[in-house]
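# A closer look at the structure
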Amino acid sequence: MHSDTSPLALGYATPAMLGRAFGTLAAARPVYDDTFLQVPMILRRADVLAALRSPEIYSNRCFSVGPLVASPIALDGAQHARIRRVYNRFFAPAAVARYEAEVVEPVARALIEDLAGEPSVELIAGFATRLPIAVMSRLLELPADAMERTQRWTQALISWIVAPFRPEVVEAGQQAEQSLRGFVRPRIEAELEHPGASLLGEIVRGVQAEGDGTVAECENTAMSLVVAAYETTTAMLASVLGALLLHPDLLAQARADRQRLAPTLEEAMRWGNVVPFLLRALTRDVTLDGVTLAAGSVVALCTTSVNYDAELHPDPERLDITRKQSHVTFGSGPHYCVGAPLARIEARVGLALLLDRFPELRLDPTRPPEFRFGARGITMFVPDALHVLRG
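Residues numbered from 1 in each chain as written. Predicted model: local features only at pLDDT ≥ 70, side-chain atom pairs only at ≥ 80, totals over all residues. Heavy atoms only, no water.

## Some thoughts on the packing of aromatic side chains
Note on aromatic pairs: each is described by the distance of the centres and the angle between the planes. For the structure on display, the rule yields five aromatic pairs. Pairwise contacts between aromatic rings join Tyr12, Phe371 and Phe381 into one cluster. Looking at Arg187, its charged tip hangs above the ring of Phe183, at a distance of 4.1 Å from the centre. Over the aromatic face of Tyr308 sits the side chain of Arg270, whose NZ or CZ is 5.1 Å from the ring centroid. (Phe/Tyr/Trp six-rings, centres within 6.5 Å; stacked < 30°, edge-to-face > 60°. Lys NZ or Arg CZ within 6 Å of the ring centre and 35° of its normal.)

In structure tokens:
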């Protein structure tokens, strides 16, 4: 099962190189010990998909410590179903459409106009990082000057989730959690008194509809939203932009025909490998092709090997917008990402407006990106920078 160098420890010129590395491993064995994550990684498509759809065996209880302890990602069974119903309420199609018109589009336009006045542009810092925080701040009706603090706190919290074995990371994460809770709590208390039309008001109504209206429950829901909105959407935007900037022909096609935009984004999500694995805890012993994993073990499910499986996606290293999509970038099964609709809207609206404002947008050929897990402190697989030319 052992491999000396984890593909996650290396940098790559394109995301397809990570896909190839995991594909090679998956062809040779069902499981290997990943030296970067320090857990066994399940590699083969059938095993990964079965695991994602079997939370009674592959449990999310590995997240039962830390800031997400009461969020859907850390729960299974009836508890997960109850909290998920709360999230489904404010990520329903009608609600998401309203967020697009009232929040995402005007926020994205304003950020892009800021970029127009800059002498040089790096899209991750200038756009992919700022858009999700600005959108969530508007949805929750947080003060504009809170964006930088919120971003700093969420980065510390996510580092704690990913590296709970490092004391200095845990300490910084605990301090950030206290700060974020102290920031969110008075706003939750005000909404409980007089629920408004913001997303915080929707959270309060959703929690109350499920039989609980405590400050703690509403606070936990809001916190998990802020954390997920920052890291996941920032990484997904950076990954999609990086993938398409590496394919100027596809970018030109999307610019000329906006009907191509949605399938182009879906294929870029598959190709970009932004979430190369998902962690789970085993509730019982599992044997895969002669390899036994013990109950209680934490394992990584390799989503990249699914997205680059040649039977599911022929010629997987090619970014092909005509292929039928079945990627697992947002997961699969009961824990499929509830925020996926909002993330997709931010990517679609953001890219369309960037193409409108900067019709000659392209990578700076003198400063090519490197794709790496953990680049820029983001605990996903993203480019380290996206330096672009606009004219």
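So much for the structure itself; the text now carries on.
## Some remarks on the pairing of strand β3 (residues 39-42)
Pairing analysis gives four bridges linking strand β2 (residues 31-34) to β3, with the strands arranged antiparallel. The residue of β3 that forms the bridge with Asp34 is Val39. Sheet analysis places β3 next to strand β9 (residues 298-302), joined by two bridges and oriented parallel. Counted as the bridge partner of Ile42 is Leu301 from β9. (Pairing = 2+ DSSP bridges. Helix = DSSP H or I, 4+ residues; strand = E, 2+ residues; numbered from the N terminus.)

## Focus on the sheet that holds strand β1 (residues 11-12)
Here three strands make up an open sheet; going across it, the order is β1-β11-β12 and the pairing antiparallel. Each having just a single partner strand, β1 and β12 (381-383) make up the two edges of the open sheet. Here strand β11 (residues 371-373) runs beside β12; their pairing, made up of three bridges, is antiparallel. Counted as the bridge partner of Arg372 is Val382 from β12.

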